[in-house]
Structures are given as C-alpha cells and as structure tokens.
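# Reading the structure
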Amino acid sequence: MAWPLVAAILLGAALLSWVALANGFPLVFADSGTYLRIPLELHYPTDRPPVYGLAIGLPLWLTGVWGIVAVQAIGSALMIAMTLAVAGSRLRARDLIATCTLLALGSSLPWFVGQIMPDIATGFVPLILFALLARPADTPLWQRAGLAALLALLIAVHLSHVLLTAGLLVVACLAMLLTGMGQRETIRRSLPAALAIALALLGLSGLNRMAGYEFRPALSSDTFLLARLFDGHLAQPTLARLCREPALAHCAVRPLVDDPAIAKPGQAYLWDRRSPIGTMLDRDRLGVIAEQRLIIRTVLHDDPAGVAALAWQGFAEQLRTVRKGMLPPYAADMQISRILKARLPDDFQAFSRSRQQRGMLDPLKFAPDAGVAVAVVLLLPVMLVWAIRARRAKLLGLAGLVVATILLNAAITGDLSGPDDRYQSRILWLLPLLAACFAFDALRRSAPRNQPA
C-alpha cells in the first residue's frame, strides 16, 4: 500500500474518532460493561455472544480503552477505502479523505466508532459481502478466504448479523440470477459468504458448549423473543390461561408483566430488579427455556394476526427511529461504572469527567446525519438511472445491498428486539458512503481523457 494511502487511512481514522475525543472518553452504553467484563474478568455472558468482548481484549490490554477506539476507527477507514476501491476500481487518497470527512461531519458513524459496543460492525457486514460478491474473477484465494473469515467474525459479534447476512445473501443471489448471471457463477461468488455464515454459527455454538451450555448459537433468543411478545401485550393472556394450573415457573412473572404502570413489560421482564427471570434461569435453565418456547408457540398459534401486526409496527417504527447519541450518564451502581472503577481505576476517573457522564453530549450532535440520509434517499432514483445508463453494475449492486440492509435491519431489530434508537442509526452512514461512491465514479468518467482521472 502506497504511503499516501496509509496517511489517508490514518487521517480518516482520526476524523472518525472526533466524537470520542471530544467526549474525553470512549462512549459507553449500558451493555458496554458486559463486553468489558469478558476480557477483564473472563466473564461468559449468556444473553449475547462473547466474540466482541474477546476481540477487544488485545487492544484493551495493550493500550487501554482508547485502543478499542483506535482499532474501530482504523477498521472503519479501511472498510471505506475497500468499498471505494471495489465500487470504482480505483482508490485515491484524496477521495478517501473526502469521504471520511463527509462521514465524520454528516453521518452517525463517529458515534459508533467511538463507542464500546459491537454496533460498529453492523455496517461492515454489507460492505464485506459486497467485496466478496463483486470481486474480480482472478482474485487470489487468500484474499477471498480472508474476506470470508472477516465476515464470519463480523457475523459472530452480534446475533442480528446472522439474519442480516443471510437475508442480504438471498437478496444478492436472486439479483444476480435475475440479471443474467448463471447459476454456477452465482454459487461460486456467494459460496464464501455462505461458508462464513456457517462458520459463525458453528463457532458460536461451539463456544457456548465449551462454556458448559447447549450447543446452539443463541442461549437467550427465547428469552428476548418472549420479552418482545410481552412488550406487545400478546403473551400476557396466554400466560394467564396457562397459569390457571399453577405449574409454570413463569407464573411468578405475572405481577410484573401485568402491571399497567409499566410501559414496556418485556423490558421489565428482562432487566427490572424485581423480575425473577434471572433466578429462574439459574435454578432450572432448561426448564425455563422450555416454558418460554411453550408460551411463544401458543401465542403464535392463537394470535397470528396480532403477531403480524406487532411485527409490522416494530419494522415501521424502527425504520424511522434514527436518533444518534442517546447515551445517558450512568450511576455508580450500573455495571459499566462498577467494572471501570474496580478494574480500570485510572480510566474511571476520565470516564467520570467525560461529557457523557456530565450530560453534555447534546452540543456534539450538530451533524445532520438524518437529513443527509434523507437527501441521499431522494437522490437515489437519479443515481440509479445514471448507473443503469452508464452500465455501472457494481454501483447498482452496492446500492441494492445498502437499501436491503436498511430494510432488513429495521425488520430484524424492530421485530425481534423492539425498536431502539441505536439500531437504525448504526447503519444510516451507509447512505452517504453510497453517495460518495457514485459521486467519485461520475467525476472520474466526466474528467477529460487527457487529464488524470
């Protein structure tokens, strides 16, 4: 790699880190404490994959919490560089710097680059998939294998990425077949991504089994799905009917999930200190999971229309829920505060002085990320018409993957987890990146032939 590109990547990484630098400490979410506990206390979580926590262990031990931000920032700059190169068949340092500047000032990406959470990886999934599918036929085997291995790692850091990658791959395969690509070539191009999905599922299942649990990729999927049905007030009537004979352990959660004063009873079921679910799982994990599956199956059987309505409502709400930086200060008894104070006391002092802990993040939210994204969506028909006329198949493929990512991400997270500000914000930056790819390609094609493109 030429030195100008190396310098551009480092400068781009610095630009994308500005929110964390302005905050005075990496941004944290309530779940950040769990991910820090994995390398610091060898903690094995049952409510999420441990892969992100394992991945941040090395930079955390070598350089502290800022090493996590550095890795995520450089990784983001490399992903942007790769996408510009694949989409336009050429990468210039100035294009990379301009794109990183656009994303730093006009997208949500800096808020996830600087945050100790695996949400940064969601936007990388379609970009790696694009690189695999759009690669030249003579791409060396080691590059294809490396991209597939990286995709497997990205899938494994968050369970929503399994469904997202599988959905994107299906959409991409259908598009390739419909546009005239033969079945054999479609299989050849999609096979590495399919193997990455299989590798991620096997890896997660193996880790869970080695930790002493079941051989399955998700240990708490039934718990979260039932919580979603509680949030939609669909599971309460079923549970009341099943509890007429008080044999279910879940009858103990009825006072909580039936409380009309609780707006989201499913979230209370998961996280409220009054919820007995943690004790129930510790006492008889397999029995409790069997009960959860029974309740879920009964709801699906008895009220499919209600489940469908809840799914549509979740998708529609998540699609428009894109506020960034919804990160409150955390009290001393919260896990993130406790783990920093106990294990990283020097970092805890910086955490305590950060803008986030002082409730002063709002001045940093000036970037019009939602407005930029809407502008790109409005311009998308014009961009697609131009790409069709110019026969820019790669740009059309990238546009299709970005649009499919936005829709699938909203469906997966809004339906299975429930709408949340960060879920859609974590991939909204793909829209201005797509616009940059189109813009640079158009500028190169319009440049006079006697001038460097």
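Structure report, in brief. (Residues numbered from 1 in each chain as written. Predicted model: local features only at pLDDT ≥ 70, side-chain atom pairs only at ≥ 80, totals over all residues. Heavy atoms only, no water.)

### Describing the packing of helix H11 (residues 160-178) against helix H12 (residues 183-210)
In contact at an axis separation of 10 Å, H11 and H12 are set at 175° when each is read in the N-to-C sense. Considered as vectors, H11 and H12 are oriented roughly antiparallel to each other. Counting all contacts with H11, which are made through Val162, Thr165, Ala166, Leu169, Cys173, Met176 and Leu177, the residues of H12 involved are Gln183, Thr186, Arg189, Ser190, Ala193, Ala194, Ile197 and Leu201. Here the residues of the contact of H11 with H12 sort into 10 nonpolar, 4 polar and 1 charged. (Axes fitted to C-alpha atoms, helices over the stretch in contact; angles between N-to-C directions. Helix = DSSP H or I, 4+ residues; strand = E, 2+ residues; numbered from the N terminus. Parallel < 35°, antiparallel > 145°, perpendicular 65-115°, else oblique. Contact = heavy atoms within 4.5 Å. Nonpolar A, V, L, I, M, F, W, Y, C, P; charged D, E, K, R; others polar.)

### Re unusual backbone geometry
Phi is positive for Leu42, close to 55°, though the residue is something other than glycine. Here Leu42 shows up in the loop between helix H3 (32-41) and helix H4 (51-55). Take Leu42: its relative accessible area is 74%, and that puts it in the exposed class. Unusually for a residue other than glycine, Arg391 sits at a positive phi of about 55°. Relative to the assigned elements, Arg391 resides in the loop between helix H21 (369-389) and helix H22 (393-416). Here Arg391 falls in the exposed class, since its relative accessible area comes to 75%. (Buried < 20%, exposed > 50% of the residue type's maximum accessible area, 1.4 Å probe, protein only.)

### Describing the nonpolar core
Most often, soluble globular proteins keep nonpolar side chains buried together rather than apart. Counting 108 residues, the largest nonpolar core has Leu36, Ile80, Leu151 and Leu340 as the members making the most contacts within it. Counting residues per element, this core draws most heavily on helix H6 (residues 65-88), at 11 residues. Ignoring any residue separated from it by four or fewer positions in sequence, one finds Leu36 in contact with Ile56, Leu60, Ile68, Ile116, Ile336, Ile339 and Leu340. (Core = buried A, V, L, I, M, F, W, Y, C linked by side-chain atoms within 4.5 Å.)

### Observations concerning the pattern of salt bridges
Note that side chains of opposite charge can pair when their charged atoms are close. Using the criterion set out here, one finds 21 salt bridges in the structure. Close ionic contact of Asp95 with Arg92 constitutes a salt bridge, the shortest N to O distance being 2.9 Å. Judged by its relative accessible area of 5%, Asp95 falls in the buried class. A relative accessible area of 12% places Arg92 in the buried class. The salt bridge partner of Arg188 is Glu185, with a shortest N-O separation of 2.7 Å. Pair noted here: Arg188 and Glu185 are both in helix H12, with a separation of 3 residues, about one helical turn. One network of salt bridges, with partners in common, ties together Arg92, Asp95, Arg392, Asp441 and Arg444. (Salt bridge = Lys/Arg side-chain N within 4 Å of Asp/Glu carboxyl O.)

### Quick look at the layout of surface pockets
There is about 630 Å³ of room inside the second largest pocket. Of all elements in the fold, only helix H1 (3-16), H4, H6, helix H9 (124-133) and helix H10 (141-156) reach the threshold of two or more residues within the lining of the second largest pocket. Considering only residue class, the lining of the second largest pocket consists of 23 nonpolar, 2 polar and no charged. (1 Å grid on protein atoms, 1.4 Å probe; cavity = no way out; pocket = protein on both sides within 12 Å on 5 of 7 lines; lining within 4 Å. Points joined across faces, edges and corners; volume = space filled by probe spheres on them.)

Treat this as a map of the structure, not an account of what it does.
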